[in-house]
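Overview (structure and organization)
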Amino acid sequence: MKAVKTRLCIMMVLQYAIWGSWTTALGAHLARIGFTSNQIGAIYGCLWIACIIAPFIGGQIADRFFPTQLFLGVAHVVGAVLLFMTARQTEFGPMWRWMFAYSLFYAPTLALTNSLSFHHLDDVEREFPRIRMWGSPGWIAVGWIVLLIRQQWHTHEWAGGSDLLMIAAGFSLVMGLYCFTLPHTPPKRKGENPFAFLEAIHLLKDKNFLIFAVVSFVVTTELQFYYVTTAPFLQDMQAPTEWLAAIKTTAQIAEFFVTWFLLGLSLKKWGVRKTMVIGMLAWPLRYFLFCIPNLPIIIASLTLHGFGYAFFFIASQIYVNMKATDDMRASAQAMLTFFTLGLGNWLGTMFTGWIWGLCGGPQNTVWWKFFMVPAGICIGMALIFLLFFRDDVRPEDIKEQAA
């Protein structure tokens, strides 16, 4: 069993190394080759559109017809080819089409790596978090691998495409081949319902849960101001191009330590309401620090992203788990994922691109004006949450979930 868990940990490392290879600094490359703010947002938005429709395509195919490890292997090998083609594009139209095609293969694997793990673990609630957490070291490690590659071979100077997407293609190929060696995970006789999240809609009749859901959705849209634009912003602040991916791992390192050492303590001492408010306020504080034209301060402020992510999003998943009944938890989490990871992130990329254009676009951005938009919205959501949301879960439930 220990050997199986080790293999699952390696799977998570590779799964998130692929994503971390390109998403952290691709925006800087796209700005360099002349993409507009709306076009950059649209490229990033491909994955979020795919996350919305993934349960209707990939999830159903894997659930009903193919062993999960076989589907994962094929998806990642095909994904490697599609990333290779995406990497070679310098015009928006072809790049968007290749990126969208790739995203349709990658998005289902996010859920399927989880479901494969569930199938082979005896105590899912206790053991799965220890498996899933290896995605963060994978994301962190690839940032430094990108740095080493760029320093050694100066791949960031390649005029014919994106070195980041080429690196991601390499990791996708490795992941695909590795998946064929994973433990056999047969398809279910009956596939998961792609509309499962609708079964949890009745939770929105609860005033507290409705406030929580609306605030979570709005806050998620504002996170794209960080994901899409931080790399070109760091470049404008004189950060070396080859260091961008490594610098941005600061956020994941902070997230890792905050999740393991502070989140549980905060939930037990202050409850869901105060913990999530702290998380929401960490992001505008980071945006305010972004307005100080000092690169060391800006890099240090990236830790606040990891702090906010753990205190808001991971805490929100714990809250949903506590609010839903045993037979409704999967549906409730699916609903949260659909409205945040899917719809919220996609609308957020479009909104980010629009505001970026209003603030000067990729070539002439007035950064303090740009970052004040998400800062103001996050502060507004934090105030709404603080004033109208009430903790309605038992302290002993918080202790059990955060343990």
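Quantities reported herein were computed from a predicted structural model and do not represent experimental measurements. Per chain, residue numbering runs from 1 following the sequence as it is written. Whole-chain, interface and lining totals are the exception, using all residues; otherwise, since this is a predicted model, local features are given only for residues with pLDDT of at least 70 and side-chain atom pairs are given and counted only at 80 or more. In computing side-chain values, all of the structure's heavy atoms are included and hydrogens and water are not.

**Details of the overall build of the chain**
- The numbering of helices and of strands both runs from the N terminus, where a helix is a DSSP run of H or I of at least 4 residues and a strand a run of E of at least 2. For the chain, the helix and strand inventory stands at 17 helices and 0 strands.
- Radius of gyration here uses only the C-alpha atoms, and the compact-globule reference equals 2.2 Å multiplied by the residue count raised to the power 0.38. For 403 residues, the compact-globule estimate of 2.2 N^0.38 gives 22 Å, and the C-alpha radius of gyration of the chain, at 20 Å, lies within 12% of that figure.
- For the C-alpha atoms alone, the extent of the chain along its principal axes is close to 55 × 50 × 35 Å.
- Among the 403 residues that make up the chain, the fraction classed as buried is 55%.
- Whether two residues touch is decided by their heavy atoms; if any such pair falls within 4.5 Å, the residues are in contact. Taking the contacts inside the chain whose residues are at least 6 apart along the sequence as the reference set, 84% of them involve residues at least 24 apart. Summary of the burial criterion: residues with accessible area below 20% of their type's maximum are buried, those above 50% are exposed, and those between are partly exposed, where the area comes from a 1.4 Å probe applied to protein chains only.

**Examining the layout of surface pockets**
- A cavity, in this analysis, means grid points on a 1 Å lattice covering only the protein atoms where a 1.4 Å probe fits yet has no way out; a pocket is instead an open set bounded by protein on both sides within 12 Å along at least five of seven lines, and a residue lines either one if it has an atom within 4 Å of a point. Grid points are joined across faces, edges and corners, and a volume is the space filled by probe spheres set on the points. If you add up the space inside the second largest pocket, you get close to 180 Å³.
- Lining of the second largest pocket is provided by 14 residues; of these, Leu-204, Ala-213, Val-214, Met-335 and Phe-339 occupy positions nearest its centre.
- Any residue that is not Ala, Val, Leu, Ile, Met, Phe, Trp, Tyr, Cys, Pro, Asp, Glu, Lys or Arg is counted as polar, Gly included; the first ten are nonpolar and the last four charged. The residue inventory of the lining of the second largest pocket, partitioned by class, reads 12 nonpolar, 2 polar and no charged.

**Notes on the packing of helix H10 (residues 207-236) against helix H15 (residues 329-358)**
- The convention used is that axes are lines fitted to C-alpha atoms, helices contributing only their stretch in contact, and that angles between N-to-C directions extend from 0 to 180 degrees. Two elements in contact, H10 and H15, have axes whose closest approach is 7 Å; the angle formed by their N-to-C orientations is 45°. Viewed along their axes, H10 and H15 adopt a mutual orientation that is oblique. The handedness of the crossing between H10 and H15 comes out as right-handed. An angle below 35 degrees is read as roughly parallel, one above 145 as roughly antiparallel, one from 65 to 115 as roughly perpendicular, and any other as oblique. Crossings are classed by handedness, with left-handed meaning an anticlockwise turn of the near helix from the far one by less than a right angle and right-handed meaning a clockwise turn.

**Topic: helix H16 (residues 367-388)**
- Expected span, for any helix, means 1.5 Å times one less than how many residues it has. Taking 1.5 Å per residue, 22 residues should reach 32 Å; H16 reaches 32 Å between its end C-alpha atoms and fits that length.
- Of all the positions in H16, only Trp-367, Phe-370, Phe-371, Pro-374, Ala-375, Cys-378, Met-381, Ala-382 and Phe-385 are classed as buried.
- Residues of H16 that are buried in the fold lie against H10, helix H12 (263-290) and H15.

**Points about the nonpolar core**
- Side-chain atoms within 4.5 Å link the members of a nonpolar core, which is a set of buried Ala, Val, Leu, Ile, Met, Phe, Trp, Tyr and Cys residues. Among the nonpolar cores identified, the biggest contains 114 residues, and Trp-19, Trp-22, Phe-212, Met-280 and Phe-385 are the most heavily contacted of them.
- Element by element, the count of residues in this core is highest for H10, at 13 residues.
- When neighbours within four sequence positions are excluded, Phe-212 is seen to be in contact with Met-276, Ser-316, Tyr-319, Val-320, Leu-336, Phe-385 and Phe-389.

**Re the packing of helix H14 (residues 303-323) against H15**
- Interaxial distance between H14 and H15 falls to 9 Å at its minimum, and their mutual angle equals 145°. For the element pair H14 and H15, the recorded crossing hand is right-handed. On H15, the residues touching Ser-316, Gln-317, Val-320 and Asn-321 of H14 are Arg-329, Ala-332, Gln-333 and Leu-336.
- Classifying every residue of the contact of H14 with H15 gives 3 nonpolar, 4 polar and 1 charged.

**Some remarks on the packing of aromatic side chains**
- Put simply, two rings from Phe, Tyr or Trp (the six-membered ring, in Trp's case) pair if the centres are within 6.5 Å, and we call them stacked under 30 degrees between planes, edge-to-face over 60, tilted for the rest. Under the criterion given, the structure shown has 38 aromatic pairs.
- Taking 5.1 Å as the distance between ring centres and 10° as the angle between the ring planes, the aromatic pair formed by Trp-96 and Phe-100 counts as stacked. In this pair, Trp-96 and Phe-100 are both assigned in helix H6 (residues 92-120), 4 residues apart and thus about one turn of the helix distant.
- Both rings, one in Trp-283 and one in Phe-312, keep their centres 5.8 Å apart while their planes meet at 70°; by these two values the pair is edge-to-face.

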